[in-house]
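# Summary of structural features
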Amino acid sequence: NAGVTQTPKFRILKIGQSMTLQCTQDMNHNYMYWYRQDPGMGLKLIYYSVGAGITDKGEVPNGYNVSRSTTEDFPLRLELAAPSQTSVYFCASTRDTQGTGELFFGEGSRLTVL
Amino acid sequence: TQLLEQSPQFLSIQEGENLTVYCNSSSVFSSLQWYRQEPGEGPVLLVTVVTGGEVKKLKRLTFQFGDARKDSSLHITAAQPGDTGLYLCAGANTNAGKSTFGDGTTLTVKP
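It should be emphasised that the depicted structure is a prediction, and the values quoted were computed from it without experimental measurement.

## What to know about the environment of Thr48 of chain B
All names here are of chain B. Note that Thr48 resides in strand 5 (residues 44-49). Taking the C-alpha atoms as reference points, Thr48 and Phe65, separated by 17 residues in sequence, lie 9.4 Å from one another. Apart from residues no more than four positions distant in its own chain, Thr48 is found in contact with Ser31, Leu32, Gln33 and Lys56. Within the structure, Thr48 has its side chain in polar contact with the side chain of Gln33 (distance 3.2 Å).

## Here's the deal with the interface of chain B and chain A
In this assembly, 23 residues from chain B lie in contact with 21 residues from chain A. Here chain B and chain A share an interface that buries about 1,800 Å² over both sides, 53% of which is from carbon and sulfur atoms. Contact with chain A buries area across many residues of chain B, yet Gly97, Phe101 and Asp103 of chain B alone supply 27% of it, more than any other trio. Linking chain B with chain A are 1 salt bridge, by the criterion used here. Between Asp103 of chain B and Lys44 of chain A there is a salt bridge, with its nearest N and O atoms 3.8 Å apart. Viewed at the interface, chain A and chain B are joined by 5 residue pairs in polar contact (both at pLDDT 80 or more). Secondary structure elements with two or more residues in the side of chain B that touches chain A: strand 4 (31-37), strand 9 (85-92) and strand 10 (99-101) of chain B. At 4 residues, the largest contribution of residues to the side of chain B that touches chain A is made by strand 4 of chain B. For the side of chain B that touches chain A, a count of residues per class yields 8 nonpolar, 12 polar and 3 charged.

## Concerning the state of the cysteines
For the structure shown, the criterion picks out 2 disulfides over all chains. The partner cysteine of Cys23 of chain A in its disulfide is Cys91 of chain A, sulfur to sulfur 1.9 Å. Given an S-S torsion of about -75 degrees, the disulfide between Cys23 of chain A and Cys91 of chain A has left-handed geometry. Taken as a pair, Cys23 of chain A in strand 3 (residues 19-25) and Cys91 of chain A in strand 9 (residues 87-94) lie far apart in primary sequence, 68 residues in all. For the pair Cys23 of chain A and Cys91 of chain A, a shared accessibility class is recorded, and that class is buried. There is a disulfide in this structure between Cys23 of chain B and Cys89 of chain B, and the S-S distance comes to 2.0 Å. A torsion of 75 degrees about the S-S bond marks the disulfide between Cys23 of chain B and Cys89 of chain B as right-handed. A residue pair is termed long-range when its members are at least 10 positions apart, and Cys23 of chain B in strand 3 (residues 19-24) and Cys89 of chain B in strand 9 qualify at 66 residues. Take Cys23 of chain B and Cys89 of chain B: they sit in the same class, and that class is buried.

Rules used throughout
Residues numbered from 1 in each chain as written. Chains lettered and ligands numbered in written order. Predicted model: local features only at pLDDT ≥ 70, side-chain atom pairs only at ≥ 80, totals over all residues. Heavy atoms only, no water. Helix = DSSP H or I, 4+ residues; strand = E, 2+ residues; numbered from the N terminus. Contact = heavy atoms within 4.5 Å. Polar contact = N/O pair within 3.5 Å; in protein donor to acceptor, adjacent residues only side chain to side chain. Buried area = accessible area lost by both parts, 1.4 Å probe. Salt bridge = Lys/Arg side-chain N within 4 Å of Asp/Glu carboxyl O. Nonpolar A, V, L, I, M, F, W, Y, C, P; charged D, E, K, R; others polar. Disulfide = S-S within 2.5 Å. Buried < 20%, exposed > 50% of the residue type's maximum accessible area, 1.4 Å probe, protein only.

These values are about where atoms sit, not about what they do.
Structure (structure tokens):
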């Protein structure tokens, strides 16, 4: 089972560049999430989606954009990268229709902005 | 915004010792989850508690949800090096569609 797949695993960006982190899940989950995790810290919610065509902001959405055109895919777009966006990004999904079920996470994408 | 505070932030103990990690909030949650994360990987679910006062055991790990559903604890008996990792609590409310994570407790168990 593939589960939640994130690409790329590592990326270095220069200040001002843009990029897209890809996330796909094969579990037919409606709910998908993007988190960022700074060293030794917990997870901060960037954006989430409760189904195809629906997205909403989390705690730290500034500097990011998302789209959800299909159930499987939930890409995260970084526009005009800044050093403050250096972090590890995790995509997650859940089956629970009320959004309180087990979260399945990808392996993370480590982004460095120089 | 609902906040979850975890304590201690860091914990370093010897193999065989017992420990307790706490997760506290001023807000009520419908459910609370504990995840463990190892370096270079995503978090993995350990347990979900949904009833105030609920106690769940997973081998040497005991999880408790507070009576008022505002706090939770994780107790590990006879810790082993394999328990090393970042422990995260996450609270959610019905129909909210999202969870709030604490900042985690980094546990190191030395052989």
